[in-house]
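# Inside the fold
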Amino acid sequence: MGSNRLSFAIQADPPARLDKAISRDAPEEASLSRTRLAKLIEAGEVTLNGVVVSSAKGKVAEGDVIEVIVPEAEETDLIAEDIPLAVVFEDEHLIVVDKPAGMVVHPAPGSPTGTLANALMHHCGDSLSGVGGEKRPGIVHRIDKDTSGLLVVAKSDKAHHGLADQFRAHSAERYYQAVCYGVPDANDPRLRGVRGVSFEAGNIMKITTHLARHKTDRQRQAVYFENGRHAVTRVRIVEPFGAPAVACLVECWLETGRTHQIRVHMTHAGHGLVGDPTYGGRRKLAVKNLSEKGVQAVRDFPRQALHAAVLGFVHPVTGKELRFESPLPQDMKDLISALRG
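Next up on the list: the packing of aromatic side chains. Under the defined criterion, the tally for this structure stands at three aromatic pairs. An angle of 35° between the planes, with centres 5.4 Å apart, marks the rings of Y175 and W253 as tilted. Pair noted here: Y175 is in strand β9 (residues 173-181) and W253 is in strand β14 (residues 245-254), with a separation of 78 residues, a long-range link. Here a set of aromatic residues connected by ring pairs shows up, and it is made of F89, F313 and F324. Against the face of F225 rests R195, its NZ or CZ located 4.1 Å from the ring centre.

Rendered as structure tokens:
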């Protein structure tokens, strides 16, 4: 396996720690994250003025000469597959795609091929500079198989860690559109009695709970208030359907990003998503409230009616603020059209 040798000098006013100084002053095209640098230091691949360094916390001074040997990214067993992708944005650091419903993001038991990661391996090819020492796309966040919409994926180690930091800090902007049963309105007295549900100005429903695996069904998530991970979802009514309203188009945005978060939270509030086979249930809607076409459309909708419509973040390398929007897919447009009747 080959390697690349980087040699550069520490610039003025360096950070106190060696890894921070190298991360700042290394050539940008190297795309080295601090995590990757720490592993290279541990492996003895970094020298300071000709001497191998052993600690990422070491001191440096202006003019010190750093040499880093970066092994070429190893090939992975992830199979490249020629699967069409809807690319919204791409540069040498990252790619934003609009994932269709039905596509799994990453290989897992039961879905070893045909995933977004397989498609990205083929699409990106040699532009993948390596994530964690492997030549693969860096999956930063995921959306469920049957949820459609926007995802950002890193093509380099530096971009991967920069994006991961934003998602970990909950600073990335993520808005979803969904069709739910009922209308989550502050005037509904039932919602005042649901633990974890409150309302903010503008009739914004806020759901605050903990989420963790269901005690008996390991494929599901469940709401808890003592254990699990903190989760916050906000929900805004966009358009109610029916007379009186029995379904609603809503906009949801995440303060945190947990597995199945919107689906679990909406069900907890009594407003499960139309078509959700795991959490939403199949509610019978009466023709007196909707047209026959609307009732039939809800009954036949094959997946959770959930779409990742907006994704915003700061580019982890250039620092530019990026924001992308994805229109509703055709199946959700058709559902909404039928509900309008």
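What follows is about the pairing of strand β10 (residues 197-200). Examined bridge by bridge, β10 and strand β11 (residues 204-213) share four bridges and lie antiparallel to one another. The residue of β11 that forms the bridge with F199 is M205.

We now examine the side chain of E251. Structurally, E251 can be placed in strand β14. Of the residues examined, E251 reaches a relative accessible area of 18% and is grouped as buried. Excluding residues that lie within four positions of it along the chain, E251 makes contacts with Y175, Y176, R234, V235, R236 and V238.

This brings us to helix α1 (residues 18-25). When you tally the buried positions in α1, you get six out of eight residues, the bulk of the element. Here α1 has its buried residues at L18, D19, A21, I22, S23 and D25.

Turning our eyes to something else, we now look at the pattern of salt bridges. Within the structure shown, the criterion is met by 16 salt bridges. Across the salt bridge formed by E255 and R234, the nearest N and O atoms sit 2.7 Å from each other. With a gap of 21 residues between them, E255 in the loop between β14 and α5 (261-268) and R234 in strand β13 (residues 229-242) connect regions that are remote in the sequence. Between E251 and R236 there is a salt bridge; the shortest N-O distance is 3.2 Å. Linking E251 in strand β14 with R236 in strand β13, this pair joins segments that are 15 residues apart in sequence. For R236, a relative accessible area of 32% puts it in the partly exposed group. Among the ionic contacts, a cluster of salt bridges with common partners joins D144, R263 and D276.

Once that is clear, we can look at unusual backbone geometry. Here A243 and P244 are connected by a cis peptide whose omega angle stands at -5°. Within the secondary structure, P244 is located in the loop between β13 and β14. For N203, which is not a glycine, the phi torsion comes out positive at approximately 60°. By relative accessible area, which is 26% here, N203 ends up partly exposed. With a phi close to 60°, H260 is a non-glycine residue in the positive phi region.

This part covers helix α3 (residues 116-124). Three or four residues apart is the spacing at which side chains of an α-helix point the same way, because the helix has 3.6 residues per turn. By the criterion of burial, α3 is predominantly enclosed, with seven of the nine residues buried. Within the span of α3, buried status applies to L116, A117, N118, A119, L120, M121 and C124. Buried-residue contacts for α3 involve β5 (87-90), β6 (94-99) and β8 (148-154). Its side-chain oxygen placed 3.3 Å from the backbone nitrogen of A117, T115 serves as the N-cap of α3. Taken from the residues just after α3, G125 is the one with a positive phi, measuring 50°.

Reading guide: rules and limits
- Residues numbered from 1 in each chain as written.
- Predicted model: local features only at pLDDT ≥ 70, side-chain atom pairs only at ≥ 80, totals over all residues.
- Heavy atoms only, no water.
- Phe/Tyr/Trp six-rings, centres within 6.5 Å; stacked < 30°, edge-to-face > 60°.
- Helix = DSSP H or I, 4+ residues; strand = E, 2+ residues; numbered from the N terminus.
- Lys NZ or Arg CZ within 6 Å of the ring centre and 35° of its normal.
- Pairing = 2+ DSSP bridges.
- Buried < 20%, exposed > 50% of the residue type's maximum accessible area, 1.4 Å probe, protein only.
- Contact = heavy atoms within 4.5 Å.
- Salt bridge = Lys/Arg side-chain N within 4 Å of Asp/Glu carboxyl O.
- Polar contact = N/O pair within 3.5 Å; in protein donor to acceptor, adjacent residues only side chain to side chain.

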